[in-house]
Amino acid sequence: GENVEQHPSTLSVQEGDSAVIKCTYSDSASNYFPWYKQELGKRPQLIIDIRSNVGEKKDQRIAVTLNKTAKHFSLHITETQPEDSAVYFCAASSPAGGTSYGKLTFGQGTILTVHP
Amino acid sequence: GAGVSQSPSNKVTEKGKDVELRCDPISGHTALYWYRQSLGQGLEFLIYFQGNSAPDKSGLPSDRFSAERTGGSVSTLTIQRTQQEDSAVYLCASSFRERNTEAFFGQGTRLTVV
């Protein structure tokens, strides 16, 4: 099955700096890659996602890049703010049974701390 | 419409007792996941219900854990003979599998075994 590795496990930055979180996946057929943010005591929520036919996607201060050849994708947060402090999870959807969809497999998570 | 709903929000149980955790997914969602999250840890996959196909039970940590999904909707996670190490937040998520889109999470059930 799919295996998703996420790095780093913890990341500490100063307010205003950029933060980058990287994930690698094992199944070359994986075609959907969402990123989730989980604030303390709350449920994970989608912040951005990308499909395998796209190399990059941006939404204000966050962006995701995908390198299908290398089987890795990254989350980029620019101009970080204290409210960006949270746990971030990447995930990959690997198709099964001859379909174009499948199970989501999550990375281990990155604890991001933005210092004022 | 309503999101994913889990009940109870909190559950305190004595070691050795059985517990049932409930998940009401978003209506029409064909995929349903259960995860366990210990304090400060990641999402530990437990089980995945994939429409009418056989569930993926590869993440269940022991035979004390079981889950069912009735009528393709509500799911119940049962933990028998609870142990202190079962204490964690249990999260449920659902998605419209055939659209290959995001999974929506419930607020979780915080289980404490004393």
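Before reading on, note that the structure itself is shown above.
Residues numbered from 1 in each chain as written. Chains lettered and ligands numbered in written order. Predicted model: local features only at pLDDT ≥ 70, side-chain atom pairs only at ≥ 80, totals over all residues. Heavy atoms only, no water.

Caption draft 1: How the structure looks around the state of the cysteines. Across all of its chains, the model carries two disulfides over all chains by this definition. Between the sulfur atoms of C23(A) and its disulfide mate C90(A) the distance is 1.9 Å. Between C23(A) and C90(A) the sulfur-sulfur dihedral comes to about -100°; the bridge is accordingly left-handed. Here the residue C23(A) occupies a position in strand β3 (residues 19–25), and C90(A) occupies one in strand β9 (residues 86–95), the gap between them amounting to 67 residues. Each member of the pair, C23(A) as well as C90(A), is classed as buried. The disulfide that involves C23(B) links it to C92(B), with 1.9 Å between the sulfurs. Because the sign of the S-S torsion sets the handedness, a value of about -65° for the bond joining C23(B) and C92(B) places this disulfide among the left-handed ones. Taken together, the residues span a long stretch of sequence, with C23(B) in strand β3 (residues 19–24) and C92(B) in strand β8 (residues 88–95) at a distance of 69 residues. Considered together, C23(B) and C92(B) belong to a single accessibility category, that of buried residues. (Disulfide = S-S within 2.5 Å. Helix = DSSP H or I, 4+ residues; strand = E, 2+ residues; numbered from the N terminus. Buried < 20%, exposed > 50% of the residue type's maximum accessible area, 1.4 Å probe, protein only.)

Caption draft 2: Main features of the pairing of strand β5 (residues 44–50) of chain B. Residue and element names in this part refer to chain B. For β5, the buried fraction is high: six of the seven residues fall into the buried class. Pairing geometry for strand β4 (residues 31–37) and β5, over six bridges, is antiparallel. Bridge assignment links Y33 to a residue of β5, and that residue is Y48. Between β4 and β5, which follow one another and run antiparallel, lie six residues, and G40 among them has a positive phi close to 75°. (Pairing = 2+ DSSP bridges.)

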